[in-house]
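# What the coordinates show
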Amino acid sequence: MVNQVFKHIREHTKKQKPEPLSSLVPSLSVETALRALIPAKPLASALLDVYFESFENTHRVIHIPSFKEEFEAFWRSPETLSLSWVTNLVIILRLGLLAHPDRESISHGASPEWLQRIESQGLQLAELVSHCRSSESRPSLECIQTQCLLVMARITDGSKATVAWRLAGQLIQTCLIMGLHQEPELFGGTMSIFDAEMRRRLWTAALDSILCEDMGACLLDGAKSSTSCTYLSVT
């Protein structure tokens, strides 16, 4: 069904004006499917911690304090978090699952059906959302985060190299459209310190996905990164 949706989207994206996600996928509730992939809070928290420890030390895509606050808010009122945020969480859970040092312990806390669904559907659904969001006239920073996370996931899960490179190319293109390659000062001082720093971090993460000579090894090795960068504290 997902392949049929992608075919439907390709036909519509030939038009000049992008259509909203809901009109492109009338037969499939992507948001419902993504939300169904979020497990119980204890397992989700454990996988989130694994992601932070394994990836965020070298690939600064998520602002950890903000995401943790939103994560707690999600469990109080799931509907208050956007589709983009839910998409990012699903990719993060998949990355946490890939990097978890004890897969057997995860099996005890998750059903085989959930493991099969997040492994087979999670990234496909996230790519579907990313495809629609990136075609909007003004993509958001959350859109860039989704694309960064997807590249990391496709590098890490053993997908064909062409898949990761295609996503990385789309990521760089979206970054250039948003002007992430330009210093925030060039925008007339209208940008907040937080947004300016997140733009720098995401641009660095995007370049890292392209420049890593051995991308798979780099992503899972917290002590090694192809890019050396000093980050401003925005906590």
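Now for a quick tour of the structure. Along each chain, the written sequence defines residue order, and numbers are assigned to residues from 1. It should be noted that, the model being predicted, local features are given only for residues of pLDDT at least 70 and side-chain atom pairs only at 80 or more, the latter also being counted only at that level, while totals for whole chains, interfaces and linings use all residues. Values reported for side chains reflect all heavy atoms of the structure, with hydrogen atoms and water molecules removed beforehand.

Attention shifts here to the packing of aromatic side chains. Aromatic rings from Phe, Tyr and Trp, taking only the six-membered ring of Trp, are treated as a pair when their centres fall within 6.5 Å; an angle between ring planes under 30 degrees marks them as stacked, one over 60 as edge-to-face, and anything in between as tilted. Inspection of the entire model under this criterion finds 6 aromatic pairs. Both rings, one in Y51 and one in F55, keep their centres 5.6 Å apart while their planes meet at 25°; by these two values the pair is stacked. Judged by centre distance (5.1 Å) and plane angle (85°), the ring pair of F74 and W75 falls under edge-to-face. An aromatic cluster of at least three residues, connected via ring pairs, comprises F67, F71, F74, W75 and W85.

All right, on to the packing of helix α6 (residues 83-99) against helix α8 (residues 112-134) then. For any two helices packed against each other, one specifies the crossing angle of their axes together with the interaxial distance. α8 packs onto α6 with a crossing angle of 140° between their chain directions and a minimal axis gap of 9 Å. Considering the angle they form, α6 stands oblique to α8. Remark: the crossing between α6 and α8 carries left-handed chirality. Across from L83, S84, T87, V90, I91, L93, R94 and L97 in α6, the residues of α8 making contact are L115, I118, E119, G122, L123, A126, V129 and R133. When residues are grouped by polarity, Ala, Val, Leu, Ile, Met, Phe, Trp, Tyr, Cys and Pro land in nonpolar, Asp, Glu, Lys and Arg in charged, and all others, Gly among them, in polar. In terms of residue class, the contact of α6 with α8 is made up of 10 nonpolar, 3 polar and 3 charged. Every axis corresponds to a line fitted to the C-alpha atoms, with the helix fit spanning only the stretch in contact, and the corresponding angles, defined between N-to-C directions, vary from 0 to 180 degrees. Helix and strand assignments follow DSSP, with helices taken as H or I runs no shorter than four residues and strands as E runs no shorter than two, numbered in order from the N terminus. Here roughly perpendicular refers to angles of 65 to 115 degrees, roughly parallel to angles under 35, roughly antiparallel to angles over 145, and oblique to all remaining angles. With the far helix as reference, a near helix turned anticlockwise by less than a right angle produces a left-handed crossing, and one turned clockwise produces a right-handed crossing. Whether two residues are in contact is decided by their heavy atoms, any of which lying within 4.5 Å being enough.

Our focus in this paragraph is the state of the cysteines. The disulfide criterion used throughout: a pair of cysteine sulfur atoms within 2.5 Å. In this structure the tally under the stated criterion is 0 disulfides. C175 takes part in no disulfide bond, and the closest cysteine sulfur, belonging to C148, lies 5.9 Å away. Only protein chains enter the accessibility calculation, which uses a 1.4 Å probe; a residue is then buried when its area is under 20% of its type maximum, exposed when over 50%, and partly exposed in between. Looking at C175, the relative accessible area reads 0%, which means it is buried.

The next subject is the nonpolar core. Counting 60 residues, the largest nonpolar core has Y51, V61 and L149 as its most contacted members. If you list the elements that add at least two residues to this core, you get α3 (30-35), α4 (41-54), α5 (64-76), α6, α8, α9 (141-156), α10 (161-178) and α11 (193-211). The dominant element in this core, judged by the number of residues it contributes, is α6, at 11 residues. When neighbours within four sequence positions are excluded, Y51 is seen to be in contact with E56, V61, I62, I92, L95, G96, L149 and M152. What is meant by a nonpolar core is a set of buried Ala, Val, Leu, Ile, Met, Phe, Trp, Tyr and Cys residues, joined one to another through side-chain atoms within 4.5 Å.

Let's shift gears to the pattern of salt bridges. Any Lys or Arg side-chain nitrogen located within 4 Å of an Asp or Glu carboxyl oxygen qualifies as a salt bridge. Under the definition given, this model contains 8 salt bridges. In this structure, the salt-bridge partner of R200 is E197, at a minimum N-O distance of 3.7 Å. Here R200 pairs with E197, and both are found in helix α11, just 3 residues apart, close to one helical turn. The buried category is assigned to E197, whose relative accessible area is 3%.

With respect to the element layout, A168 can be found in helix α10. Under the relative-accessibility criterion, A168 is labelled buried at 1%. Sequence separation of A168 and A206 is 38 residues, and the distance between their C-alpha atoms is 7.3 Å. Leave out the neighbours within four places in its chain, and A168 touches V151, S209 and I210.

The next point concerns the side chain of T174. By secondary structure assignment, the location of T174 is in helix α10. Overall, the relative accessible area of 4% leaves T174 in the buried class. If we ignore the near neighbours within four places in the chain, the residues touching T174 are S134, P139, C143, I144 and Q147.

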